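# Structural description and commentary
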Amino acid sequence: MTTVAHVHDSTDNPFALSHLDSLESEAVHIFREVAGEFERPVILFSGGKDSIVMLHLALKAFAPAAIPFTLLHVDTGHNFPEVLEYRDRIVAKHGLRLHVASVQEYIDAGKLRERPDGTRNPLQTVPLTEAIQQHRFDAVFGGGRRDEEKARAKERVFSLRDEFSQWDPRRQRPELWQLYNGRHAPGEHVRVFPLSNWTELDVWQYIQREKIELPEIYFAHEREVFARSGMWLTAGDWGGPKESETTQTRLIRYRTVGDMSCTGAVDSDATTLDAVIAEIAASRLTERGATRADDKMSEAAMEDRKREGYF
């Protein structure tokens, strides 16, 4: 007579962590590891949903104490006003210190030149790397996730950058058993990605569970947009629309936010978290693949920029 062994799953163990609890625990561990290993860490905070979740996790990691990090935002000058308002309000609410590196200031000083297509996303690299050098940040938290884009899927949680802030995929370090190697030479720094193993759906489900406030731009609303490169872009002073492009008012929302010149909206009637989560669960396109024009410049667009110092 053949007997079948009973296989226990996580539901049999009342002490097992849920999927979201496991991701949260990993991220909290990463924040605390960085606080113990580095002298001058900083969190990139733009007011986008991934940086919002990252800040929420950092606050939980050190509560009831204040987080031992400052914040940094590279402002392209073409950011959505709703997101900047949210950024400043959250910084004030938690009494945080925010450094702003302005792309516009670099353009005005002649250190950068506007691109013919009007997008400023690729122009963020120089202000970012110079801010890191100026403030001597040795660990920089970013909200990148491996499910977003192929180049981001290559990176470790701790990603070493050389003295020029450049990334070399061949210098990736093993990260077995959640052991992270933060050693770096003077002038080098480490980019840290606490959300590496999260998916877009995980982020939204966590936002719902934790009741995290978001900018309204992430929910369906009427906005004046125009079509370009298969996306709905927001009309604005950044250079759109052109004479041949007509604007129209549509019910849309944003899956990701960044520079208005390259961040597309999606048609949506999702006005609640439940509706957004259902929409994301049914999608077969990543948020960057569907809504970021700067990632469509070439197959290796993101990896090329990461090698130069971009996040």
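Since this is a predicted model, take the numbers as computed values, not measurements.

### As for the nonpolar core
The biggest cluster of nonpolar side chains holds 61 residues, and the ones touching the most others in it are Phe31, Ile43, Val53, Phe141, Phe158 and Trp204. Shared between two domains, this core takes at least three residues from each, and those domains are domain 1 (19-201 + 302-307) and domain 2 (215-294). The residues contacting tryptophan 204, other than those within four sequence positions of it, are Lys49, Leu214, Tyr218, Phe219, Arg253, Leu273, Val276, Ile277 and Ile280.

### Digging into the packing of aromatic side chains
Scanning all chains against the criterion turns up 11 aromatic pairs. An aromatic cluster of three or more residues is present, and its members are Phe31, Phe62, Phe69 and Phe141. A cation sits over an aromatic face here: lysine 111 above tyrosine 106, 5.1 Å from the ring centre.

### Quick notes on the sheet that holds strand β7 (residues 221-228)
The antiparallel open sheet is built from four strands, whose spatial order is β8-β7-β9-β10. Strands with a single pairing partner mark the edges of an open sheet, and in this sheet they are β8 (231-234) and β10 (266-267).

### A closer look at the sheet that holds strand β2 (residues 70-75)
In space, the six strands of this open sheet follow the order β3-β2-β1-β4-β6-β5, with mixed pairing throughout. Unpaired on one side and paired on the other, β3 (98-102) and β5 (158-161) mark the two borders of the sheet. Between one strand axis and the next, the sheet turns by 30 degrees as a mean value, whatever way the strands run. As paired strands, strand β1 (residues 41-44) and strand β4 (residues 139-141) are joined by three bridges and run parallel to one another. When the bridges of β4 are listed, valine 42 appears paired with valine 140. Packed onto the sheet, helix α2 (residues 49-62) meets β1, β2 and β4 and runs at close to 140 degrees relative to β1.

### Concerning the pattern of salt bridges
Under the definition given, this model contains 20 salt bridges. A salt bridge links glutamate 245 to arginine 228; the nearest nitrogen and oxygen atoms lie 2.8 Å apart. Of this pair, glutamate 245 sits in the loop between β8 and β9 (247-253) while arginine 228 sits in strand β7, and the two are 17 residues apart along the sequence. Residue classification places glutamate 245 among the buried positions, given a relative accessible area of 15%. Note on arginine 228: relative accessible area 15%, which makes it buried. A network of salt bridges, in which partner residues are shared, links Asp21, Glu24, Lys60, Arg209 and Glu210.

Definitions and cut-offs
- Residues numbered from 1 in each chain as written.
- Predicted model: local features only at pLDDT ≥ 70, side-chain atom pairs only at ≥ 80, totals over all residues.
- Heavy atoms only, no water.
- Core = buried A, V, L, I, M, F, W, Y, C linked by side-chain atoms within 4.5 Å.
- Buried < 20%, exposed > 50% of the residue type's maximum accessible area, 1.4 Å probe, protein only.
- Domains from an automatic or database assignment.
- Contact = heavy atoms within 4.5 Å.
- Phe/Tyr/Trp six-rings, centres within 6.5 Å; stacked < 30°, edge-to-face > 60°.
- Lys NZ or Arg CZ within 6 Å of the ring centre and 35° of its normal.
- Pairing = 2+ DSSP bridges.
- Helix = DSSP H or I, 4+ residues; strand = E, 2+ residues; numbered from the N terminus.
- Axes fitted to C-alpha atoms, helices over the stretch in contact; angles between N-to-C directions.
- Salt bridge = Lys/Arg side-chain N within 4 Å of Asp/Glu carboxyl O.

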